[in-house]
Every structure is written in C-alpha cells, then in structure tokens.
Amino acid sequence: MDHDPFRWGRPNDATYGGYNTKIAHANPQAGNAAMPTMNTQQPIVTGTSVIAMKFKDGIVIAADNLGSYGALARFDDVERLFPVGENTVVGISGDISDLQYISRLLEDLEIDNNYDYDGHSLRAPHIHEYLQKVFYARRSKMDPLWNSTIVGGFDDEGKPFLKYVDLLGVKYSAPTLATGFGAYLASPILRKVIFEEKDVEKVDEETARNAIKECMKVLYYRDARSLDKYSMITITKEKGVVFEKNLRSENQSWRFAKDIKGYGTQKV
Amino acid sequence: MAVKFKDGVVLGADSRTTTGSYIANRVTDKLTQVYDKIWCCRSGSAADTQAVADIVKYHLDLYTTQHGKPPTARIAASLFQEITYTNKDALSAGLIVAGYDDKTKGEVYSIPLGGSVHKQPYAIAGSGSAFIYGWTAKNFKEEMSKEEVINFTKTALSQAIKWDGSSGGVIRIVILTAEGIERLVFYPDEHENF
Amino acid sequence: MVRVNKPYHVSLAEFLLQMLQVLGVGVHDDGERGRTSVGTGYDLSNSVFSPDGRNFQVEYAAKAVENGSTSLAIKTPTGVVFAVEKIITSKLLVPNKNNRIQTIGRSIGAVYSGLLPDGRHLVSRARDEFNSYRGQYKEDITVPYLIDRLGNYVQAYTCYNSVRPFGITSIIGGVDGEGSHLYMLEPSGVYWGYKGAAAGKGRQSAKNELEKLKYDELTSKDAIKEAARIIYLAHEDNKDKDFEIEISWVDTVETKGLHQFVPEDLLAEAKAYAQDKLNEDEDEDEEDDEDEDMDN
C-alpha cells in the first residue's frame with residue numbers, strides 16, 4: 001500500500017507496477033483520464049456495392065443479395081433495394097442492421113405521407129433530402145448510420161433522378177452512381193456508356209440494363225464480398241417500378257483459366 | 001443452432017461456457033425458453049444474453065396479458081432485435097429465435113451481433129458455427145422428418161464440438177411441435193463418434 | 001333552478017340545497033327526461049356521479065353525436081366500406097374536398113359523427129398508437145388491439161373533471177392478418193364489434209337498413225352501393241339540407257389491403273344506384289297511399 005498522504009491506500013507502484021490504462025478501456029492520454037475511450041460503432045453484417053444509372057426514360061439500379069459477416073458469406077438472401085412511394089427506389093449498402101432501420105424509417109415516412117389526400121406524393125428528391133438529413137443528424141451525434149445509399153426515381157420536372165448520400169451526410173448527383181467497391185469497378189464501365197448528363201438522352205432502357213448487368217458481373221469477379229445473385233429495379237414512367245429478384249450474373253468468362261499455367265515462364 | 005422441419009422447429013446447442021480458455025461451466029443450458037413454444041439459442045456473452053432473454057420474456061408475458069393471445073416467434077424476434085440493435089455498442093449477443101405456432105408451423109430467426117434480423121429455414125451461430133457452415137449447407141433439406149432433423153442437428157453440433165475448442169460437453173436439443181415441448185440430451189460418449 | 005358554476009366552491013346555501021337533492025327531496029324535474037338531473041350540479045363535472053349512478057357529461061356528449069351528420073360502415077368477409085353524409089353548410093365550401101374519412105396506418109379507416117375536431121384528435125391519437133406499436137413490435141397493430149387502446153383512451157376522458165368526454169362516436173375498421181374487423185366507439189369509451197354500424201342523426205333508419213344486409217354474401221363492391229343507398233335514405237331525416245357523400249373502402253383483394261377512397265366510377269355508380277333505389281321506394285310509398293285512398 002502507498003503511504004504517501006496524497007495517495008494513501010492506493011496500490012504502491014513500486015510493488016504492483018504502474019496502473020495499466022488498458023484495463024477498462026481507460027484513456028491512456030494524460031489529462032483526459034476522466035473520459036472513457038469512445039468508440040463509434042462498426043459495421044457487422046454488411047452489404048457491398050449498389051450501382052445505378054440513368055437512361056432517357058428512367059433509371060436502373062442493382063445490388064446483390066449478400067449479407068457478409070466479415071469475410072464470411074453469412075446470408076445470401078438480403079434484399080437491399082427498397083421501393084418507396086409510387087416511383088422511387090432506395091438502394092442501400094453498408095451495415096445491414098442500419099439498413100433494416102432505414103427501411104422502417106422509409107415505410108413510416110410513406111405511411112405518414114399518405115394521410116393527406118392532397119394530390120402530392122413522395123418523390124425521389126424528397127426521399128433523398130430526408131435521408132440526407134437523417135444521416136447528417138446521426139453522424140453529428142457521433143452515432144452514424146453506417147451506410148451509403150443511392151436514391152433513384154424522377155425529379156419535380158419528371159426527369160430521371162439519381163443521387164447519392166452516405167453515413168457522413170455527404171450527397172452528390174451524377175448520371176451514373178456506385179457505392180463501395182462499385183465506385184472503383186463499376187463507375188468506369190458505366191461512364192463509358194454515359195459520360196455526362198447530356199449523354200442520358202442517347203441511352204435507352206435496354207442499353208442501360210445491359211451495362212448494369214455487365215457491371216454486376218465484373219463486381220462478382222473482383223469484389224471478394226459479393227455474390228452473383230442480385231436484384232435489379234428499373235423505373236420508367238410507362239411501366240412504373242419493375243422489380244426483378246433472384247437474378248444471376250450469367251455468361252461469366254472462366255474458360256480462359258485452362259490456358260494459364262504457372263506465373264511467368266512455366267509451360268506445363 | 002435452430003432448424004425448421006416438417007412438424008415444427010428444433011433447437012440445439014453444446015453445453016460449454018468459457019472464460020478465456022477455462023471452462024466455467026461444462027453443462028450449460030444455452031436453450032432458453034422465452035414463451036411456451038418460443039425459445040432462443042444464446043451465444044456471445046452469457047451475462048448479456050441472459051439479461052436480454054429475461055427482458056424479452058417479460059415483454060412477451062406483458063404482450064399476452066395486453067392482447068389476450070400468445071405472441072408469435074416473429075414478435076419475439078422483433079423484441080430481441082430492438083434490444084440488441086439499440087444497445088449494439090454495449091452488447092455482445094448472437095441470438096437465434098425459434099418458435100412454433102399452428103399458423104406458421106415453426107419459424108427460425110437469426111439475430112447476429114449488430115442487431116439485424118434474418119428469417120431462415122435454419123440458422124447457426126456462435127464460435128463453433130464457423131466450422132459447420134459447409135456441412136450444414138450441403139446436408140440441410142426442407143421438410144425433414146423428426147428423426148432426420150435430430151440427426152442433422154446432432155451431427156452438425158458434434159462436428160462443431162470436435163473442431164472448436166470453445167464448444168464442448170453435451171448436446172442439448174429442444175423440439176417444438178404441435179405435440180408440445182421435448183428435451184433431449186446426448187452425452188459425449190454418444191455423440192463423439194456419431 | 002340552482003346553477004352551480006364551480007361545484008367544488010359551493011356556498012353553504014347551495015350545499016344544503018344539493019344535500020336535499022341527494023336525499024331525494026329535490027323538486028327540480030327535467031320535463032324532457034322525466035328524471036331529476038339537469039341543473040342539480042351533478043351534470044357539470046366528469047368525476048362526479050349523480051346519485052342514481054349516471055355520468056351526465058358522457059350523456060351530453062352522446063347528445064352531440066346524435067345531431068352529427070350520419071356516418072356508417074359495412075363489414076364484408078374481405079373488407080370494410082365506410083360512408084359519411086357531408087352536410088353542405090356553406091355554398092363557399094369547395095366541393096369534394098374537406099374529407100371526413102381518415103386513414104390510420106395503411107389498412108385501417110375511421111369515420112365519426114359529432115364534434116369533428118374531437119374526431120381529428122382521436123385519429124391523431126390512433127396514428128400515434130399505430131406508430132408506437134410498429135416501433136415496438138415491427139409489425140402493424142391489429143384492429144382489435146388498436147380499438148382497445150382507443151377505448152381506454154376515450155374512457156379516461158370520462159374520469160377527470162379537468163376534461164370533457166369526446167363528443168364523437170367513431171366507427172373504426174380495417175383488415176389485418178386475422179381478416180376484416182369493424183368497431184364502433186362511443187363517448188363513454190365503450191366499444192362493440194359490428195357487422196354494420198351507424199352513428200349520427202340518421203343512425204336509426206340506417207341501422208334498420210343495415211340489419212337487412214346479408215353480410216356473409218356481401219362483396220365489398222356491393223357494400224359500396226348499399227352504403228351509398230343507406231346514406232341517401234338516412235338523409236331523408238335531414239332533407240332540407242344539401243349534402244355530399246364520401247365513401248372509402250379497404251379490401252384484401254380489391255384495394256390490396258389498403259384503405260383508400262373509392263374510385264370515381266364506383267362512386268358514381270353507387271350514387272346512381274342509391275338514387276334509383278330511393279326513387280323506387282318513393283314510388284312504392286305513393287302507390288301504397290293510393291291503395292289506402294281506394295280502401296277509404
């Protein structure tokens with residue numbers, strides 16, 4: 001025991017060694033010892049990329065059905081596309097528990113909005129703006145919702161709408177969008193189809209859907225947290241929301257593997 | 001783990017509780033009743049999962065008095081989910097909820113660490129589960145008979161026990177069907193060479 | 001007549017008078033009711049029973065309902081149809097706006113007769129109940145449980161002298177996992193389940209008609225027509241005033257479980273059917289009159 005009058009009763013450092021600050025997560029920084037270390041959460045079960053693009057009559061968006069638990073491909077039936085209102089879709093990547101929370105928020109939003117029979121309906125810009133405010137409010141509380149999302153639909157003028165918002169409350173818009181790995185792998189491919197806003201007019205539904213399908217295939221080749229089973233939503237004024245589930249990345253190219261031998265000079 | 005089968009659901013678990021590498025309890029009961037025919041499998045922190053199960057048990061009891069009818073497994077799963085989701089920073093709880101009622105004929109919900117819910121035909125969780133993902137995926141069948149589903153569960157758990165140092169002891173099984181609740185115990189000499 | 005504005009601050013004289021009344025010595029007789037009640041002071045507060053065990057404030061609330069415009073609902077095996085007679089109180093009101101039927105959640109409808117702001121408040125409360133239930137159990141509240149919660153809420157307004165009871169009888173119904181449901185909730189907080197329910201001024205004739213319907217065979221589409229017919233018929237009690245009719249429905253098949261206003265073509269069809277039926281009845285009445293004349 002320490003007999004120093006100011007430290008009386010405490011364990012003597014000479015006997016027991018100094019206090020181990022790692023115990024009970026005490027903050028090792030001097031002068032801030034009263035504060036426990038704070039951890040914002042981390043994602044546990046996660047969903048990978050969401051990719052989307054505009055075309056002249058609407059938008060197309062896709063996300064695979066995998067719920068990863070670290071590297072473990074734990075759930076293969078997670079739906080990450082959510083239709084909201086008449087002609088809007090929200091695609092969500094990131095933490096799945098937060099994704100489920102957001103999907104409930106959107107459902108509540110839709111229910112509340114239908115109470116007024118005023119001829120107005122929830123459209124993509126409103127939903128995007130709402131989500132951005134939710135994300136920003138949460139990150140400001142140091143308790144972010146760990147997701148990146150893409151909202152697709154039509155704007156107030158009836159033109160195709162596509163906008164991104166993420167866990168920080170950052171938002172931006174582009175004629176082609178992708179979250180997560182998709183930003184690296186899919187965006188370059190999609191930008192070959194639509195480079196800038198004025199190109200949207202030149203692209204029809206068929207071309208857009210094929211581009212997205214091709215990207216899902218590339219993502220499956222190169223994203224170690226992805227699946228070849230995915231959902232896709234196409235929204236047009238004519239057909240409304242068309243939801244396709246359990247799609248498979250088809251025509252994958254693997255046969256060339258047989259010609260690859262060794263890693264340089266080996267011929268056998 | 002919990003598995004849906006022809007007549008209802010079965011829940012199964014090993015009986016090992018560890019503090020580090022010391023076995024604190026070698027005959028643990030990790031299959032916990034939260035309502036008549038709604039049970040859960042607890043993995044993660046024993047203290048956390050016991051506390052959460054107790055809270056859910058209370059809410060389900062309250063639900064019955066307020067609604068004048070028994071809760072569904074889905075309701076139980078939602079309650080578990082809400083608690084683990086809102087307290088994700090404080091809890092270490094990986095849960096499986098399984099229940100039988102005449103309407104659904106049995107349901108299984110997996111609630112992993114972050115507090116998401118996943119309805120599944122069968123679910124595995126806990127440290128030992130990592131070793132049996134392959135075997136269970138290959139050998140699971142929908143609508144198994146009671147004998148088949150017990151064999152499935154027993155084999156899966158015996159493999160988890162064999163390869164995982166944090167799993168061990170006896171295999172406990174609970175069967176929930178229209179007939180009622182049935183408990184089974186398999187001792188190491190019965191499952192080691194199963 | 002003794003008027004006690006603040007029953008808890010009564011003068012000695014008033015107190016004695018009240019005591020006499022309590023003992024049955026009172027001489028105030030309410031001619032209309034034929035019972036000793038109005039003006040005794042027992043009708044001024046919620047939290048006080050009259051000596052014969054009545055809560056007059058609740059009974060007065062029921063009066064407010066009796067004069068309200070007629071509302072009704074019909075339960076079918078797959079859904080519920082709501083209808084209300086909207087008396088046009090001013091020519092300046094915008095036609096076909098100012099809706100009277102409201103939605104709670106997605107699959108539950110509500111309509112009421114009496115003090116409309118009270119109804120708005122109750123619906124607001126019902127929506128809060130709906131949201132809090134979803135927050136807790138992650139699924140939609142069932143109609144029977146919602147009505148039970150609302151019943152308790154309305155009842156609480158009959159127990160405290162700082163509040164007055166709800167001046168509405170509300171008809172609430174919808175579909176859930178267990179099928180279709182219909183309830184009527186009164187100012188006292190009492191509620192019953194119905195196959196057909198009516199409240200407001202024309203309730204008596206409406207109920208007479210509702211009793212004749214074959215509920216097991218009724219489709220929701222037919223129920224719309226019948227609802228329109230009964231509203232038109234019940235309006236006969238209030239004939240001098242112009243009115244609009246508002247009809248909504250929720251059906252597991254027809255509206256995919258959503259509560260919404262009926263489409264314009266169905267409404268028009270229902271109105272035409274209602275008017276035809278009404279005219280038929282009138283013709284029959286005239287014929288009956290003629291028969292009687294001949295007999296004479």
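Everything quoted here is computed from the prediction, not taken from an experiment.

A. How the structure looks around helix 1 (residues 46-67) of chain B. With 22 residues, helix 1 of chain B should cover 32 Å at 1.5 Å per step; its first-to-last C-alpha distance of 31 Å lies within 8% of that length. Where helix 1 of chain B is concerned, the buried positions are Asp48(B), Thr49(B), Val52(B), Ala53(B), Val56(B), Leu60(B), Tyr63(B) and His67(B). Taken around the axis of helix 1 of chain B, the buried residues stretch over an arc of 120 degrees, which confines them to a single face. Residues of helix 1 of chain B that are exposed and angled more than 90 degrees away from the buried face: Ala47(B), Asp54(B), Tyr58(B) and Thr65(B). On its buried face, helix 1 of chain B sits against strand 5 (31-35), strand 6 (38-44), helix 2 (73-86) and strand 7 (93-99) of chain B together with helix 3 (116-137) and helix 4 (143-156) of chain C. Structurally, the start of helix 1 of chain B carries an N-cap: the backbone nitrogen of Ala47(B) is 3.4 Å from a side-chain oxygen of Ser45(B).

B. Broad picture of the side chain of Lys229(A). Residues and elements named next belong to chain A. Residue placement: Lys229 occurs in strand 12 (residues 229-236). Despite its burial, Lys229 pairs with no opposite charge; the closest candidate is Asp76, at 4.7 Å N-O. The residues touching Lys229, leaving out its near neighbours within four places in the chain, are Asp64, Asn65, Asp76, Asp77, Asn246, Leu247 and Arg248.

C. Looking closely at the packing of aromatic side chains. Counted according to the given criterion, the structure contains 17 aromatic pairs over all chains. Ring centres of Phe181(A) and Tyr184(A) lie 6.5 Å apart, and the angle between their planes is 70 degrees; this geometry places the pair in the edge-to-face category. The exposure class of Phe181(A) is partly exposed, given its relative accessible area of 40%. Under the relative-accessibility criterion, Tyr184(A) is labelled exposed at 66%. Taken together, Tyr63(B), Tyr133(C), Tyr137(C) and Tyr145(C) form an aromatic cluster joined through their ring pairs.

D. Region of the structure containing the interface of chain B and chain C. Taken residue by residue, the interface counts 12 residues in chain B and 12 residues in chain C. When chain B packs against chain C, the two sides together hide about 1000 Å² of surface, and 41% of this comes from carbon and sulfur. It is Gln66(B), His67(B) and Ile75(B) in chain B that bury the most area against chain C; as a group they hold 35% of the surface buried on that side. Our count for the chain B to chain C interface comes out at four salt bridges. The salt bridge involving Glu82(B) is made with Lys138(C); its shortest N-O contact spans 2.5 Å. Seen at the junction of chain B and chain C, the total is seven residue pairs in polar contact (both at pLDDT 80 or more). Listed by contribution, the elements that provide at least two residues to the side of chain B that touches chain C are helix 1 and helix 2 of chain B. The biggest single contributor to the side of chain B that touches chain C is helix 2 of chain B, with six residues. Residue composition of the side of chain B that touches chain C, by class: three nonpolar, five polar and four charged.

E. Structural context of the pairing of strand 5 (residues 168-176) of chain C. All names here are of chain C. The buried fraction of strand 5 is high, at nine of nine residues. Across the two faces of strand 5 the burial is the same, with Ile168, Ser170, Ile172, Gly174 and Asp176 and Thr169, Ile171, Gly173 and Val175 all buried. Taken together, the seven bridges between strand 4 (residues 108-114) and strand 5 define a ladder with antiparallel strand orientation. The partner of Ser113 across the bridge, within strand 5, is Thr169. Taken together, the seven bridges between strand 5 and strand 6 (residues 179-185) define a ladder with antiparallel strand orientation. Its bridge partner lying in strand 6, Ser170 is registered against Leu185.

F. The arrangement of the nonpolar core in detail. Counting residues in hydrophobic clusters, the biggest one holds 47 residues, and the most contacted among them are Val34(B), Val56(B), Leu60(B), Phe80(B), Val97(B), Ile104(C) and Leu122(C). Each residue touching Val56(B), except ones within four places of it in the same chain, is listed here: Val34(B), Ala76(B), Leu79(B), Phe80(B) and Ile83(B). If you look at the next biggest cluster of nonpolar residues, it comprises 28 residues, including Leu72(C), Ala228(C), Val262(C) and Leu267(C).

Calculation notes
Residues numbered from 1 in each chain as written. Chains lettered and ligands numbered in written order. Predicted model: local features only at pLDDT ≥ 70, side-chain atom pairs only at ≥ 80, totals over all residues. Heavy atoms only, no water. Helix = DSSP H or I, 4+ residues; strand = E, 2+ residues; numbered from the N terminus. Expected span 1.5 Å × (residues − 1). Buried < 20%, exposed > 50% of the residue type's maximum accessible area, 1.4 Å probe, protein only. Arc of directions from axis to C-beta. Contact = heavy atoms within 4.5 Å. Polar contact = N/O pair within 3.5 Å; in protein donor to acceptor, adjacent residues only side chain to side chain. Lys, Arg positive; Asp, Glu negative; His and termini not counted. Salt bridge = Lys/Arg side-chain N within 4 Å of Asp/Glu carboxyl O. Phe/Tyr/Trp six-rings, centres within 6.5 Å; stacked < 30°, edge-to-face > 60°. Buried area = accessible area lost by both parts, 1.4 Å probe. Nonpolar A, V, L, I, M, F, W, Y, C, P; charged D, E, K, R; others polar. Pairing = 2+ DSSP bridges. Core = buried A, V, L, I, M, F, W, Y, C linked by side-chain atoms within 4.5 Å.

Read these as spatial facts, not as claims about activity.
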